[in-house]
Amino acid sequence: MISRLAFSGIRRQPLASLASVFFIAASTTLLALTALLSCQLYGSIDSLMDQAQVPDILQMHTGSVDEQDIKDFADRCPQIAGWQISSFLNLNNPAVRLKDQSLAGSTQDNGLVIQPEHFDFLLDLSGSKPEVQPGEVYVPVAYRGLYDLKAGDIMTIGSDSLIIAGFIRDAQMNAMMCSSKRFLVHPQTLERLQGAGQEETLIEFMLADQTSPSQFRQFYEDSGLPASGPFIDRSLIRMMNVLSDGTVIFLLFLISLAVLAISLLCIRYILSLQLEQDRQQTGMMKALGISRKAVRQVYLVRYALLTVPGILAGLLAALILQRPLLKQLRELYGTAPDSSAVPLACLLAASVIALIVLISVRLSLHSLDRQSPLDALRNPQTFGRSGTRFMSAAVCAGCTFLVLVPLFLSHTLSSPGFVTSMGIGDAQLRLDLQSAPTADSLSERLQKDDRVQRWTLLKTYGESARLKDGSSLSLPVETGDLEAFPVTCDKGSLPRQQNELALSVLAARELDLEPGDILRLEGQSEPFVITGLYSDITNGGKTAKALHLKTYQAPVWTVGYVTLKEGADSQSWMESMSGAGIPVTSIRDYVRQTYAQTLHQLDLASQLAAFTGLFILCVVMFLAIRLSIQQNRPTLSLKKALGFTTGQLKREWFVRQISWCLGGTAAGLLLAMGPGQWLCRLVLEQLGATGFDFDIPCPATLAVLVLICAAALTATWCSLSVIRSVTPCECLRGKETS
């Protein structure tokens, strides 16, 4: 009997049933899409790292290395399962052109390499090791879309030309967040172009099982082996790959939660209308002795039946929508191997949606338990228009939040002001230098340049700090004039004396230090006092800043920051620097290049959020008004009998909706600027960017608010056309048409 009554209710109220299926499908689509993308991301990255045999430890070093020293070290260290030395010819970016585009403005260290012999392989798009011929080059796949390249195009290095034979996936340096990119060439080509750049060395190790990377690092440093560059382990490589697309997946998860909240609100509203329409029927059932539990089960079974097509439609939509979002991921990391985790994750997401919907329905049925048979039979209509208006405002607020948060996040990450979260001061231009002589000559040039307002050169040294468990933490320390372009400290201040040090938030968290504490660097004789903590999401987020270090080692890298005087032509200044062989780029371009992959995915997520928000808004407003009109047909019929025209009734409903839509849109803006910003800040803090605030684009925000209001009111006006079907005689007959 319960199933028969549930099916009868679905057939009797097709519009409400269809609306419920739509909201369940929308929630399932986004949550299943989040689960699907997460599985694909981690599966693709892990598969590529396994195929390429990424090393457990990578020590970069500027200059050549005595291979015998490394061999002797490996022979006496049982923790090493394999090792190799790879050469990286760091090119001068202004001398490099891909097709007709110069790399003078590139923020990456672009270098030539040959295929490694034992592990850390560079793979083509089919997952195989390409056989490169003399005069050919395989380009990082990240550059294919960035520079619109194809096989057969020409790469120029100075006066030499190479034919682009294909593209490679580099499991170690795929992400644009990684500051280096490797170009694969033949050994003869590398030997011929030795004078085109500066030689760097990659010392790579595969470790035995259960070996701690930090303990191995300490053993390596104690052996006095070359260590002038960054020390990188496998977990950091994986994290850099994940971060490029992981931020977007989190945003998609946030969108799915917002849509789920809107859907639950709408389903609760529809159920309330159904309970009002069925008030006499449920009262009669109770009067006949049917238990409250059985009455509740009728509605629970009804929504369980509606959940099935909603979930199936949502899973199908997720499979369709995954294609554009997976395009970049598959381009960079390849296709994830077939795994049961993907369908299981999607089914789990669908099950969670079904469970939440049914729990929400069960909680909404409490009012049914409190209703006595006599009240139900005596008062058949109690639901007014206030519920519809509140629903309209709530949905406008939710959809505004849904559209604005991705927009604000995308605009903030691409703005020049975001450099403060990257451990960089607010300068205009950035210069990347490859050698100390270049830095010395550049200092003299900047000092004499009357177009330069402010400038500084900062040298970074590879240091390490001891953790409390005895292991060590790799800590790049940036030194120089930190006050020229100061970063904002979340706690304390930047160093002002020689024995002071500022730490990034993530480094301080791992070292368990606060301003005022003492830190000893393993390569320094004197301890440092921690003066402040700042945001930094580069180099794994664990860095430090000091005025000076007592060291004989060469800096790992040197960068310059410049702000020109007002009225100076920045483009001609940059061209003059590039002509002198000094890579220079604007800070705005630096941010965009570093987060190119993330920003591209954010744009897709923003478009998906905008489309989803506007579509849900229009559907909800249309259905809510239709259902409310159906519920209030007797009142509308009576007004028509008293002489009100259809146009007057439509205008009355429409005018009252305007204030609720405007209020809901304003509330959505406040939610995006408040809780939305807090949620994004919470995630970015885990990456090292504290003190995060939205950079709000006012014109785009105003356009979104106008679009939300226009969509809501247009859907409202279209749905009011059903008032024309209400006749004056309905109130006289005392019945409703459905």
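Sequence positions are assigned chain by chain, starting from 1 and proceeding in written order. Local features are withheld for residues below a pLDDT of 70 in this predicted model, meaning they are given only at 70 or higher, and side-chain atom pairs are given and counted only at 80 or more; totals for whole chains, interfaces and linings count all residues. For the side-chain quantities, the full set of heavy atoms in the structure was used; hydrogens and water were omitted.

A. Region of interest: the overall build of the chain. Along the chain, the regular secondary structure elements total 22 helices and 22 strands. Taking the principal axes of its C-alpha atoms as reference, the chain extends roughly 100 × 60 × 55 Å. Only heavy atoms enter the contact rule, under which two residues are in contact if any of them lie within 4.5 Å. The contacts of the chain with a sequence gap of at least 6 include a subset with a gap of at least 24, amounting to 84%. Element-wise, carbon and sulfur atoms account for 57% of the exposed surface of the chain, whose accessible area totals about 30,900 Å². In summary, the charge assignment counts Lys and Arg as positive and Asp and Glu as negative, without counting His or the chain termini. Here the site of a charge means atom NZ of a Lys, CZ of an Arg, CG of an Asp or CD of a Glu. Taken as two groups, the 61 positive and 65 negative side-chain charges of the chain have centres that lie 21 Å from each other. Strands are runs of DSSP state E lasting at least two residues, helices are runs of H or I lasting at least four, and both sets are numbered from the N terminus onward. Using a 1.4 Å probe, accessible areas were evaluated by the Shrake-Rupley method; residue-level cover was limited to the displayed protein chains.

B. Structural detail: the environment of Leu-103. Locating Leu-103 in the fold gives a position in the loop between β4 (101-102) and β5 (109-113). Considered as a pair, Leu-103 and Asn-93 are ten residues apart in the sequence and their alpha carbons are 5.2 Å apart. In this structure Leu-103 touches Asn-93, Val-96, Leu-98, Asn-110 and Tyr-147, once residues within four positions along its chain are discounted.

C. Representation of the pairing of strand β21 (residues 557-564). Exposure is judged per residue with a 1.4 Å probe applied to protein chains only, and the accessible area is read against the type maximum: over 50% gives exposed, under 20% gives buried, and values in between give partly exposed. Burial analysis of β21 places seven of its eight residues in the buried class, the great majority of the element. Pairing between two strands requires that DSSP report at least two bridges joining them. Here strand β14 (residues 452-466) pairs with β21 via eight bridges, running antiparallel. The partner of Leu-457 across the bridge, within β21, is Gly-560.

D. Seen up close, helix α6 (residues 213-222). Within α6 the residues assigned to the buried category are Ser-214, Phe-216, Arg-217, Gln-218 and Tyr-220. Directly beyond the C-terminal end of α6, a positive phi value near 70° is found at Gly-224.

E. How the structure looks around a negative patch on the surface. The patch calculation keeps residues exceeding 30% relative accessible area without a salt bridge and links them within 9 Å when they carry like charges or within 5 Å when they are nonpolar (Val, Leu, Ile, Met, Phe, Trp, Tyr). One speaks of a salt bridge when a side-chain nitrogen belonging to Lys or Arg is within 4 Å of a carboxyl oxygen belonging to Asp or Glu. On the surface, Asp-66, Glu-67, Asp-69 and Asp-72 cluster together into a patch of negative charge. With respect to the helices and strands, Asp-66 occurs in the loop between β1 (57-62) and α3 (67-75). Residue classification places Asp-66 among the partly exposed residues on the basis of a relative accessible area of 44%.

F. Expanded view of the confidence of the model for the chain. Each residue carries a pLDDT score, the predictor's own confidence in it, on a scale running from 0 to 100. For the chain, per-residue confidence averages 83 on the pLDDT scale, and residues scoring 70 or more make up 91% of the total. Strand β7 (residues 136-140) holds the highest mean pLDDT among the elements of the chain, 93, whereas helix α12 (residues 373-378) holds the lowest, 57. Confidence drops under pLDDT 50 across residues 734-738; counting only partners more than four residues distant or on other chains, this segment forms eight contacts.

G. Focus on the environment of Ile-80. Looking at where Ile-80 falls in the secondary structure, it is placed in strand β2 (residues 80-91). Among the residues examined, Ile-80 registers a relative accessible area of 13% and is labelled buried.

H. Focus on the pattern of salt bridges. The tally for this structure, following the rule as stated, stands at 16 salt bridges. Across the salt bridge formed by Arg-144 and Glu-331, the nearest N and O atoms sit 2.7 Å from each other. Residue Arg-144 is located in helix α4 (residues 142-146), and its partner Glu-331 is located in helix α9 (residues 292-333); the two are separated by 187 residues in the primary sequence. The exposure class of Glu-331 is partly exposed, given its relative accessible area of 24%. Ionic pairing is found between Glu-478 and Lys-545, a salt bridge with its closest N-O pair at 2.4 Å. Placement of the pair is Glu-478 in strand β15 (residues 472-479) and Lys-545 in strand β20 (residues 544-546), with a sequence separation of 67 residues. Considered together, Glu-478 and Lys-545 belong to a single accessibility category, that of buried residues. Several salt bridges converge on common partners, so that one network encompasses Asp-120, Asp-170 and Arg-182.

I. Quick look at the packing of aromatic side chains. Under the pairing criterion, centres of Phe, Tyr and Trp rings, with the six-membered ring standing for Trp, must be within 6.5 Å; the plane angle then separates stacked pairs below 30 degrees from edge-to-face pairs above 60, leaving the rest tilted. In the structure shown here, the tally under the stated rule is 13 aromatic pairs. Ring centres 5.3 Å apart and planes at 65° place the aromatic pair Phe-22 and Phe-23 in the edge-to-face group. With relative accessibility at 2%, the residue Phe-23 sits in the buried group. Aromatic ring contacts, followed pair by pair, group Phe-73, Phe-205, Phe-216, Phe-219 and Tyr-220 into a single cluster. The side chain of Arg-144 reaches across the aromatic face of Phe-167, ending 5.2 Å from its centre. Charge-over-ring placement is defined geometrically: NZ (Lys) or CZ (Arg) within 6 Å of the ring centre, and within 35 degrees of the ring normal.

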